Amino acid sequence: MKLFEYNYSLPGYLIAQVPLNQRASSRMLAVDRTLGSFTDRNFFDLPQFLRTDDVLVLNNTMVFPARLFGRSETGAMVEIFLVKEMESGIWETLARPARRLSQGKRIAFGDKLTAEVVEKASDGKVLVRFSCEGDFYNILDEIGKTPLPPYIKSETSVIDTDRERYQTVFAKNRGAIAAPTAGLHFTPDLLETIRNIGVTVAEITLHVGYGTFEPVRVNDLEQHAVSAENCEINEATAEILERAKADGRRIIAVGTTTTRALETSMVKFGNFAAVRYSADLTIKPGYKFRAIDALLTNFHLPESSLLVLTSTFGGHELIMDAYRHAVAAKYRFYSYGDCMLIVGKV
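Fair warning: this is a prediction, and the values are worked out from it, not measured in the lab.

S.K.: Please clarify how the overall build of the protein chain should be interpreted in this entry.
M.R.: Helix and strand counts for the protein chain stand at seven helices and 17 strands. What you see for the protein chain is a C-alpha radius of gyration of 20 Å, in line with the 20 Å of a compact globule of 346 residues. Dimensions of the protein chain, computed from the C-alpha atoms along their principal axes, are close to 60 × 45 × 40 Å. Sorting the 346 residues of the protein chain into buried and exposed places 53% on the buried side. A fraction of 68% describes how many contacts in the protein chain between residues 6 or more apart in sequence connect residues 24 or more apart. For the protein chain, the centre of its 40 positive side-chain charges and the centre of its 42 negative side-chain charges are spaced 3 Å apart.

This is the structure:
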């Protein structure tokens, strides 16, 4: 299929700029693949769609404050977005304005942290080497800002108001530069309700990287590849998932990142392996899902790899119809927006 087949018209005012006051009060579009239909619900209705023997899988990665604001040697303001640590102290970054950052230029981020430009890559990324007084991640916690997506037009201020809300309530393993946003709707109380009806809640870790939201740059999706991300399934979760699969019980993925981690494991190892590995699977038309049976996910950008994944699971025509309905019904879109639950068999 071609990339343009994943386009839809979205008014800008439907892109959620701030989260709702209550995490679980978002709307949820429930899509049934068996019936080829969808209904308008609320996220707090989720337990009604779950069975007592289901396994609900969460991504427990933790977002770290990956946006830094500093000054170059000439006094110009520079924004650095940390993408990936290549080796100790050396990071691949996105920088604004990149044109001012020649090799060797130094940037100061307050009194404790400096960076030197090592290299500017052809794809626009900038490689920098950091020097700091103290622990690097502790300094990031002090001066870094939440790495919100560019479509959220937040003001840069001393107080990072998004640090708590752009984080799931079950986040525990630091390493993501973006939140697994389907998980943002959960509250401790709702998770307790889900467990109380007999659902097993399991966790994996996939550190969301630049590949998750990198634009698709080819029209022919056969040529598209999503950059790899680091992930891990621990022994307890692997055992839970293996037993559920053997028993024919449903495995419900919370988010596209969880989906990618689980499906990659099945492709690489033929089972749910208790290992750390690189999730390098690109899910696109024609892929046959082997790990998951249902998917909870937010609404994604037009022509994005996440929309391609979602519609591959749900069925292209059904999901695109659901998106058009969500626009007409004024759902809130993207990271701070509403969500979609896809259940049923194809």
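And the narrative resumes.
S.K.: Help me out: how do you make sense of the pairing of strand E1 (residues 27-32) in this one?
M.R.: Each regular strand carries side chains that alternate between the two faces of the sheet. The pairing of E1 with strand E2 (residues 37-42) spans six bridges and is antiparallel. Considered in E2, the bridge of Leu29 is made with Asp40. What sits between E1 and E2 in their antiparallel hairpin is a turn of four residues, with Gly36 showing a positive phi close to 70°. Pairing of E1 with strand E17 (residues 339-343), which is carried by five bridges, proceeds in the parallel orientation. Bridge pairing in E17 links Ala30 to Leu341.

S.K.: Hey, could you run me through the sheet that holds strand E13 (residues 229-232) in this one?
M.R.: The strands making up a sheet associate through hydrogen bonds between their backbones, and the pairing can be parallel or antiparallel. One open sheet holds the nine strands; their spatial order is E2-E1-E17-E16-E14-E3-E12-E13-E15, and the pairing between them is mixed. Strand pairing shows two members of the sheet lacking a second neighbour, E2 and strand E15 (276-279), which therefore form its edges. Going across the sheet, the axis of each strand differs from the next one's by a mean of 25°, ignoring polarity. Pairing of strand E12 (residues 200-206) with E13, which is carried by two bridges, proceeds in the antiparallel orientation.

S.K.: Hey, could you run me through helix H7 (residues 316-328) in this one?
M.R.: Residues three or four positions apart in an α-helix share a direction because the helix packs 3.6 residues into each turn. In a regular helix each residue adds 1.5 Å, so 13 residues correspond to 18 Å; H7 covers 18 Å between its end C-alpha atoms and thus fits that length. On its buried side, H7 packs onto E1, E2, strand E16 (294-298), helix H6 (305-314) and E17. Positive phi appears at Lys330, one or two residues downstream of H7, with a value of about 60°.

S.K.: How should I be thinking about the sheet that holds strand E8 (residues 106-109) in this particular structure?
M.R.: Strand order in the closed barrel made by the six strands is E5-E6-E7-E10-E9-E8, with antiparallel pairing throughout. For this sheet, the mean angle separating the axes of adjacent strands, direction not counted, is 45°.

S.K.: Could you clarify how one ought to interpret the pattern of salt bridges in this entry?
M.R.: A side chain with one charge may pair with a side chain of the opposite charge, provided their charged atoms come close. Across all of its chains, the model carries 16 salt bridges by this definition. The closest approach of N and O atoms between Asp54 and Arg250, which form a salt bridge, is 2.7 Å. Separated by 196 residues along the polypeptide, Asp54 in the loop between E2 and strand E3 (55-59) and Arg250 in the loop between helix H4 (235-247) and strand E14 (251-254) bring together distant segments of the chain. When its relative accessible area of 0% is taken as the criterion, Asp54 is described as buried. Judged by relative accessible area, which is 12%, Arg250 ranks as buried. A salt bridge links Glu79 to Arg67; the shortest N-O distance between them is 3.1 Å.

S.K.: I keep staring at the packing of aromatic side chains and nothing clicks. Help me out?
M.R.: Any aromatic ring pair is given by two values, namely how distant the centres are and how the planes are angled relative to each other. Under the defined criterion, the tally for this structure stands at 20 aromatic pairs. Consider the rings of Tyr8 and Phe333, whose centres lie 6.0 Å apart with planes at 35°: the pair is tilted. On the criterion of sequence distance, the pair formed by Tyr8 in the segment before E1 and Phe333 in the loop between H7 and E17 is long-range, its members being 325 residues apart. Each member of the pair, Tyr8 together with Phe333, is buried. Between Phe109 and Phe130, the ring centres sit 6.1 Å apart and the planes meet at 45°, which makes this aromatic pair tilted.

S.K.: I keep staring at the side chain of Asn298 and nothing clicks. Help me out?
M.R.: Along the chain, the position of Asn298 falls in strand E16. Asn298 sits in the buried class, given a relative accessible area of 1%. Among the polar contacts made by the side chain of Asn298, one reaches the main-chain carbonyl oxygen of Ser335 at a distance of 3.2 Å. Those residues within four positions of Asn298 in sequence are excluded, and the remaining contacts are Thr181, Ala182, His185, Tyr323, Tyr334, Ser335, Gly337, Asp338 and Cys339.

S.K.: Sorry if this is basic, but what is going on with the side chain of Thr146 here?
M.R.: Relative to the helices and strands, Thr146 resides in the loop between helix H1 (136-143) and strand E11 (173-176). Judged by relative accessible area, Thr146 falls into the buried class, the value being 5%. At 3.4 Å, the side chain of Thr146 forms a polar contact with the backbone nitrogen of Arg163. Once you skip the residues sitting within four places of it in the chain, Thr146 turns out to touch Pro65, Arg67, Asp160, Asp162, Arg163 and Tyr166.

S.K.: Mind showing me how you'd approach the packing of H6 against H7 here?
M.R.: When two helices pack together, their arrangement is captured by the angle between the axes and the distance separating the axes. Across the interface, H6 lies against H7 with an axial gap of 6 Å and an inter-helix angle of 120°. When the axes of H6 and H7 are compared, the pair comes out oblique. As H6 packs across H7, the resulting crossing turns out to be right-handed. Contact residues: H6 offers Leu307, Thr310, Ser311 and Gly314, while H7 offers His316, Leu318, Ile319, Met320 and Tyr323. Across the contact of H6 with H7, the residue classes break down as five nonpolar, four polar and no charged.

What counts as what
- Residues numbered from 1 in each chain as written.
- Predicted model: local features only at pLDDT ≥ 70, side-chain atom pairs only at ≥ 80, totals over all residues.
- Heavy atoms only, no water.
- Helix = DSSP H or I, 4+ residues; strand = E, 2+ residues; numbered from the N terminus.
- Rg over C-alpha atoms; globule rule 2.2 N^0.38 Å.
- Buried < 20%, exposed > 50% of the residue type's maximum accessible area, 1.4 Å probe, protein only.
- Contact = heavy atoms within 4.5 Å.
- Lys, Arg positive; Asp, Glu negative; His and termini not counted.
- Charge placed at Lys NZ, Arg CZ, Asp CG, Glu CD.
- Pairing = 2+ DSSP bridges.
- Axes fitted to C-alpha atoms, helices over the stretch in contact; angles between N-to-C directions.
- Expected span 1.5 Å × (residues − 1).
- Salt bridge = Lys/Arg side-chain N within 4 Å of Asp/Glu carboxyl O.
- Phe/Tyr/Trp six-rings, centres within 6.5 Å; stacked < 30°, edge-to-face > 60°.
- Polar contact = N/O pair within 3.5 Å; in protein donor to acceptor, adjacent residues only side chain to side chain.
- Parallel < 35°, antiparallel > 145°, perpendicular 65-115°, else oblique.
- Left-handed = near helix turned anticlockwise from the far one by under 90°.
- Nonpolar A, V, L, I, M, F, W, Y, C, P; charged D, E, K, R; others polar.

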